[in-house]
Amino acid sequence: MRHTSFLAMCALGILSGASGALAGGYTAPTVDPVVTAPVIEATPVSDWAGGYVGGSIGYAFGGDDEIGAELYEGDALVERYRDLGNLKVKGLNAGVHLGYRWQRGNWVFGPELSIEGGNISDDQSGSGDLDGETVGVGLESQVNYIAGLHLKTGYVVDPQTMVYGTAGYVHGDFDYILSASAGGESASITEGYTANGYALGLGVERKLRDNLSVFAEWQYRNFGKTGITYDLGDGDVLETRATPEHHNIKVGVNFSF
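We now turn to the structure provided with this report. Computed from a predicted model, the values in this text were never measured in an experiment. (Residues numbered from 1 in each chain as written. Predicted model: local features only at pLDDT ≥ 70, side-chain atom pairs only at ≥ 80, totals over all residues. Heavy atoms only, no water.)

Turning our eyes to something else, we now look at the overall build of the chain. A count of helical and extended segments in the chain gives one helix and 14 strands. Within the chain, the proportion of its 257 residues that are buried is 34%. Within the chain, residue pairs in contact and separated by at least 24 positions form 67% of the contacts whose partners lie at least 6 positions apart. In the structure as shown, the chain presents an accessible area of about 15,600 Å², 60% of it carried by carbon and sulfur atoms. (Helix = DSSP H or I, 4+ residues; strand = E, 2+ residues; numbered from the N terminus. Buried < 20%, exposed > 50% of the residue type's maximum accessible area, 1.4 Å probe, protein only. Contact = heavy atoms within 4.5 Å. Areas by Shrake-Rupley, 256 points an atom, 1.4 Å probe, with all protein chains shown as cover.)

Right, dumping it as structure tokens:
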């Protein structure tokens, strides 16, 4: 009888412990949440590559051509004239251009061929005494046209806007006009010449649509020095040097194809 009571008590204890364990129910394991890194979308870069043609209107200014001359009778130097003033060529111009661009990411580069013409000129005049007679003398510098081959390198700052720089070769055709008047009579001599030089510039271009853009550009042009000789007759020769450097600002449009 004692053995039976002992077994019953043990059984009740086991069952009591088991029921306590089961009373809490099933507890699911804890899983840490997965953190997903935010997706950063790259800023789209529009397509600037390909060929293009365009036109522009501009204004030239800031020319610096210091006037000086030497008068010869045969091979003998008669007189040297210094500091006679400065020819500061300026004026409106228009041009057309053709180019091609390659693109690598945000960088855009390629060659551009251009030609410009217009009313770019300046003149200086003065007077002096020659054998007791007052003589008026004038000198005019005129730009007929300028052709250039430039390398343009740009950076796309947003899908529709590019800033760029230019460097290249320029070829200019010019006239240097010497005039004189005395005793109610006047005469002039025109000496044409060509000169080669370099050009540097900066600009910004903005797309209006995929194949149409507008731009604004500044450019500096330097053509070096060119000797000009005027034959005055009777063995007299007047020599001077032309330095038609200047700045040019222009606005225009480009059509891509």
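The rest of the description comes next.
Moving on: the sheet that holds strand 13 (residues 236-242). Backbone-to-backbone hydrogen bonds join strands into a sheet, with any given pair of strands oriented parallel or antiparallel. Read across the open sheet, the four strands follow the order 4-3-13-12; overall the sheet is antiparallel. The sheet is open, and its two borders are formed by strand 4 (76-81) and strand 12 (226-233), each paired with just one other strand. Taken over all neighbouring pairs, the strand axes of this sheet differ in orientation by 20 degrees on average, direction set aside. Bridge count between strand 3 (residues 69-73) and strand 4: five bridges; the pairing is antiparallel. Residue Tyr72 lies in a different strand from strand 4, and its bridge partner there is Leu77. (Pairing = 2+ DSSP bridges. Axes fitted to C-alpha atoms, helices over the stretch in contact; angles between N-to-C directions.)

Considering all chains together, one arrives at seven salt bridges under this definition. We note a salt bridge from Glu70 to Arg80, for which the minimum N-O separation is 2.9 Å. In this pair, Glu70 sits in strand 3 while Arg80 sits in strand 4, placing the two residues 10 residues apart along the sequence. Overall, the relative accessible area of 12% leaves Glu70 in the buried class. The partner of Arg206 in a salt bridge is Asp158, and the shortest N-O contact between them spans 3.4 Å. (Salt bridge = Lys/Arg side-chain N within 4 Å of Asp/Glu carboxyl O.)

Relative to the assigned elements, Arg101 resides in strand 6 (residues 91-104). Residue Arg101 is classed as buried on the basis of its relative accessible area of 6%. Sequence-wise, Arg101 and Ala49 are 52 residues apart; in three dimensions their C-alpha atoms are separated by 4.9 Å.

A surface patch of nonpolar side chains, amounting to about 730 Å² of accessible area, comprises Tyr100, Trp102, Trp107, Phe109, Tyr155, Val157, Val163 and Val204. The set of elements that each furnish at least two residues to the nonpolar patch consists of strand 6, strand 7 (107-130) and strand 8 (133-158). Of note, Val157 is situated in strand 8. The partly exposed category is assigned to Val157, whose relative accessible area is 49%. (Patch = residues over 30% accessible without salt bridge, like charges linked within 9 Å, V, L, I, M, F, W, Y side chains within 5 Å.)

Leu139, Tyr176, Tyr193 and Tyr230 are the most contacted members of the largest nonpolar core, which has 22 residues in total. When contributions to this core are tallied by element, the ones reaching two or more residues are strand 3, strand 8, strand 9 (161-182), strand 10 (185-209), strand 12 and strand 13. Broken down by element, this core gets its largest block of residues, four residues, from strand 9. Sequence-distant contacts of Tyr193, defined by excluding residues within four places in its chain, comprise Gly172, Asp173, Phe174, Tyr176, Thr226, Ile228, Ala242 and Pro244. Judged by nonpolar contacts, the second largest core, of six residues, contains Trp48, Val156, Met162 and Phe215. (Core = buried A, V, L, I, M, F, W, Y, C linked by side-chain atoms within 4.5 Å.)

Here the focus is unusual backbone geometry. For Asp234, which is not a glycine, the phi torsion comes out positive at approximately 55 degrees. Tracing the sequence through the fold places Asp234 in the loop between strand 12 and strand 13. For Asp234, a relative accessible area of 81% corresponds to the exposed category.

Next up on the list: the environment of Phe109. Following the sequence through the fold, Phe109 ends up in strand 7. By relative accessible area, Phe109 is classed as partly exposed at 31%. Phe109 has contacts with Tyr100, Arg101, Trp102, Arg104, Lys152 and Thr153, leaving out every residue within four places of it along the chain.

Note on placement: Thr240 falls in strand 13. A relative accessible area of 5% places Thr240 in the buried class. At a separation of 2.5 Å, a polar atom in the side chain of Thr240 contacts the main-chain carbonyl oxygen of Gly68. The residues touching Thr240, leaving out its near neighbours within four places in the chain, are Gly68, Ala69, Tyr176, Thr226, Gly227, Ile228 and Tyr230. (Polar contact = N/O pair within 3.5 Å; in protein donor to acceptor, adjacent residues only side chain to side chain.)

Take it as geometry only, folks, not as evidence of what the structure does.
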